[in-house]
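So you can see what is in the structure, the chains are spelled out below.
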Amino acid sequence: MRPNVVNQNLDPQNLLLLYAADELSPAERRQVEQRLEEQPSLRDELHQMQAMQQAIGLGMARLDAGSSPSNAETIVRRVGRSIRQELARPRMKLTGHGVSPQRRVWPWVLPTAAAASILVAAAVWIDRHVGLSNQPRPVIVDKRFTSEPVTQPDEPVQPDENLALWLDSSESDLANSRRVEEDIRTVADNQDPVSQYMLSSTVTRG
Amino acid sequence: MAVPSVPESASPVVGDEVLLRRLRDGDAAAGDTLVRRYCEPLMRYLQRVTGAEAAEELHQQTWLSVLDHIDRFDPAQSGGGFKAWLFRIATNKCNDFWRSRGREKNVREGLKLVIDGEAPPSGLEIEGAEQAEKLKAAIALLPEAQRQVLMLRYYSNLRFAEIASILGCPLNTALGRMHKAMLKLRELMEQ
């Protein structure tokens, strides 16, 4: 049961439209008729409105008569054909209300992606804050990015050139020092006792 | 299992809801009957609101939408029965149509379509024909919301409360649009 429209704040013209269209309840009609008796201006407005509606109705009828739907049967047949095509489809189409396959997939994809993101974030957080918080983190050096030459196990080990040079030079230094020592001893044999002592202590220190 | 249909001519009193139930059960002939029953008012409504060219396509879309949502129709809840539901779907199609194209552009095109889309009446007296042409041009110049109320009222013959429900606006708003449309038409016709 709808509320009484006369008691609502309807515009007087709107109320007259409902009255002219006979869309008021008997009680509402009586209320409007009472107002019409009391207000001649409202009565004039109603007459104008009815005349206008009549003119528009007549004009529309003329328009429609001038443009008869000659292809109405063609339109009906075309729509009928479309309806048959729709009915011939699997029954799921009718109950599915046109939900596209894409819309069926998306509800799965988004929550799955969100859950995966949360799991990854949680794993990273646990790893950083709980598992290894008090332990020194091992330093992992990837040898691919260092300047040291990488040797394969199967390859023969090449002698280090620098090491060989260093060994050669130290051997020659040692030989030289031995020669110097012999020379000193030879010279010392031909000196007085004090010079011999001095020279021998030099050789011993050297 | 499909329920056997009854031709429109043999039983013209078969209600819309009965035909709709048969259509839902797979009876295409019941659909034909419904389409034929509402073809003229629905086509004219669509023609007046969107123009002659778009009307046929929108008419077809309306019926396919009816078929698509047939399980959702509830005669107990739908205030004007099947007819109100049908015109509600058609109105939604019109709104989609307006949205999908530029409104301003459509006002111009709609006017052109409404004026050019129909042959001039042949059997009418000159004065009547002129008045009809003037009315046609005046209708095309109405704002879309006012034109919708006027055409829904004229072609669907639904009550104003049902029209307001279809348009999703208060009763006072629907009535106000109707009143303004009539005043505007009178003004344009008197020019």
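Once a new chain begins, its residue numbering starts again from 1 and follows that chain's sequence as written. A letter from A marks each chain and a number from 1 marks each ligand, given out in the order of writing. Where totals are concerned, whole chains, interfaces and linings use all residues; where local detail is concerned, this predicted model gives features only for residues with pLDDT of at least 70, and gives and counts side-chain atom pairs only at 80 or more. Derived side-chain values reflect all non-hydrogen atoms in the structure, with water molecules and hydrogen atoms excluded from consideration.

**Q** Is there a simple way to explain the overall build of chain B in this structure?
**A** A helix here means a DSSP run of H or I that spans at least four residues, while a strand means a run of E at least two residues long, and both kinds are numbered starting from the N terminus. Helix and strand content of chain B: nine helices and zero strands. Mapped from its N terminus to its C terminus, chain B presents α and β elements in the order α-α-α-α-α-α-α-α-α. Whether a residue is buried, partly exposed or exposed follows from its accessible area with a 1.4 Å probe, protein chains only, as a fraction of its type maximum: under 20%, in between, or over 50%, in that order. For chain B, with 191 residues in total, the buried portion stands at 51%. Sequence separation of 24 or more characterises 62% of the internal contacts of chain B that already satisfy a separation of 6 or more. We get accessible surface area from the Shrake-Rupley algorithm with a probe of 1.4 Å; when it comes to residues, only the shown protein chains can shield them. For chain B, the exposed surface amounts to about 8700 Å²; the carbon and sulfur share of it is 51%. Note on definitions: a residue-residue contact is assigned when non-hydrogen atoms from the two residues lie within 4.5 Å.

**Q** Honestly, the packing of aromatic side chains in this entry has me stumped. Any pointers?
**A** Geometry of an aromatic ring pair is reported as the spacing of the ring centres plus the angle between the planes. Residues and elements named next belong to chain B. Two rings belonging to Phe, Tyr or Trp (six-membered ring only in the last case) form a pair when the distance between their centres is within 6.5 Å. Interplanar angles under 30 degrees mark stacking, angles over 60 mark edge-to-face geometry, and anything in between is tilted. Applying the stated criterion to the full structure yields eight aromatic pairs over all chains. Centre to centre, the rings of phenylalanine 73 and tryptophan 85 are 4.8 Å apart; their planes meet at 40°, and the pair counts as tilted. Taken together, the residues span a long stretch of sequence, with phenylalanine 73 in the loop between α3 (52–68) and α4 (81–100) and tryptophan 85 in helix α4 at a distance of twelve residues. Exposure class is identical for phenylalanine 73 and tryptophan 85. Each is buried.

**Q** So what exactly am I meant to see when it comes to the pattern of salt bridges here?
**A** Side chains carrying opposite charge are able to pair once their charged atoms draw close together. Residue and element names in this part refer to chain B. Any Lys or Arg side-chain nitrogen located within 4 Å of an Asp or Glu carboxyl oxygen qualifies as a salt bridge. Using the criterion set out here, one finds 13 salt bridges over all chains in the structure. In this structure, the salt-bridge partner of aspartate 16 is arginine 37, at a minimum N-O distance of 2.5 Å. Taken together, the residues aspartate 16 in helix α1 (residues 16–24) and arginine 37 in helix α2 (residues 28–50) connect sequence positions 21 residues apart. Residue arginine 37 is classed as partly exposed on the basis of its relative accessible area of 23%. Residue arginine 99 pairs with aspartate 96 through a salt bridge whose shortest N-O separation is 2.8 Å. Of this pair, arginine 99 and aspartate 96 both sit in helix α4, three residues apart, roughly one helical turn.

**Q** What's the story with the interface of chain B and chain A in this structure? I'm lost.
**A** At the junction of the two partners, chain B supplies 56 residues and chain A supplies 46 residues. For the pair chain B and chain A, the interface holds seven salt bridges. In this structure, A:Arg84 and B:Asp32 form a salt bridge, with 2.8 Å as the shortest nitrogen-oxygen distance. For the purposes of these results, a polar contact is taken to be a pair of N or O atoms within 3.5 Å, where, inside protein, one atom must be able to donate a hydrogen and its partner to accept one; residues adjacent in sequence count only when each atom of the pair is a side-chain atom. Counting the contacts that link chain B with chain A gives 14 residue pairs in polar contact (both at pLDDT 80 or more). Taken together, the elements giving at least two residues each to the side of chain B that touches chain A come down to α1, α2, α3, α6 (126–141), α7 (144–156), α8 (160–167) and α9 (171–190) of chain B. The greatest single-element share of the side of chain B that touches chain A, amounting to eleven residues, is contributed by α2(B). Gly is put with the polar residues, along with every residue not named as nonpolar or charged; the nonpolar set is Ala, Val, Leu, Ile, Met, Phe, Trp, Tyr, Cys and Pro, and the charged set is Asp, Glu, Lys and Arg. For the side of chain B that touches chain A, a count of residues per class yields 28 nonpolar, ten polar and 18 charged.

**Q** How do you make sense of the nonpolar core when you look at a structure like this?
**A** Across soluble globular proteins, you tend to see nonpolar side chains buried next to one another. All names here are of chain B. To define a nonpolar core, start from buried Ala, Val, Leu, Ile, Met, Phe, Trp, Tyr and Cys residues and group those joined through side-chain atoms within 4.5 Å. By size, the foremost hydrophobic cluster in this structure holds 81 residues, and its most contacted members are Leu20, Tyr45, Trp63 and Phe82. The element contributing the most residues to this core is α2, with eleven residues. With sequence-adjacent residues up to four places away left out, leucine 20 is seen in contact with Leu34, Val66, Ile70, Phe73, Phe82 and Trp85.

**Q** Would you mind showing me how to read unusual backbone geometry here?
**A** Glycine aside, negative phi is the norm for most residues, and most peptide bonds take the trans geometry. Phi at A:Asp22 takes a positive value of approximately 55°, unusual for a residue other than glycine. Examined against the element boundaries, A:Asp22 turns out to sit in the loop between α1 (12–20) and α2 (26–38). If you check the backbone angles, B:Asn157 has positive phi at about 55° while not being a glycine. In this structure, B:Asn157 sits in the loop between α7 and α8.

**Q** Can you walk me through the environment of A:Asn4 in this structure?
**A** Residues and elements named next belong to chain A. The topology assignment puts asparagine 4 in the segment before α1. For the pair formed by asparagine 4 and leucine 24, sequence separation is 20 residues and the distance between their alpha carbons is 8.8 Å. Leaving out residues up to four positions away in the same chain, asparagine 4 has contacts with Glu28 and Gln31.

**Q** I would appreciate a short explanation of α8(B) in the present structure.
**A** Side chains of residues three or four places apart in an α-helix project in the same direction, reflecting 3.6 residues per turn. With respect to burial, α8(B) is a largely interior element, six of its eight residues being buried. Tucked into the core, α8(B) has its buried residues touching α1 of chain A together with α4, α7 and α9 of chain B. Positive phi appears at B:Gly168, one or two residues downstream of α8(B), with a value of about 70°.

**Q** Quick question: what am I supposed to make of the side chain of A:Asn14 here?
**A** Assignment of secondary structure puts A:Asn14 in helix α1. A polar atom in the side chain of A:Asn14 sits 2.5 Å from the side chain of B:Asn172. Dropping the residues within four chain positions of it, A:Asn14 is found in contact with B:Asn172, B:Leu175, B:Gly176 and B:His179.

**Q** Where do I start with the packing of α3(B) against α4(B) in this structure?
**A** For any two helices packed against each other, one specifies the inter-axial angle together with the distance between the axes. All names here are of chain B. The N-to-C vectors of α3 and α4 enclose an angle of 125°; their axes lie 9 Å apart at closest approach. It follows that α3 is oblique to α4 by the angle criterion. Judged by the sense of rotation from one axis to the other, the crossing of α3 with α4 is right-handed. Together, Ala54, Leu58, Gln61, Thr62, Trp63, Ser65 and Val66 of α3 and Phe82, Trp85, Leu86, Ile89, Ala90, Lys93 and Phe97 of α4 make up the contact between the two elements. Split by residue class, the contact of α3 with α4 holds ten nonpolar, three polar and one charged. Angular values range over 0 to 180 degrees, each being the angle between N-to-C directions of two axes fitted as lines to C-alpha atoms, with helices fitted over their stretch in contact. Orientation is classified from the angle alone, with under 35 degrees giving roughly parallel, over 145 giving roughly antiparallel, 65 to 115 giving roughly perpendicular, and any other angle giving oblique. Each crossing gets its handedness from the near helix: less than a right angle anticlockwise from the far helix is left-handed, clockwise is right-handed.

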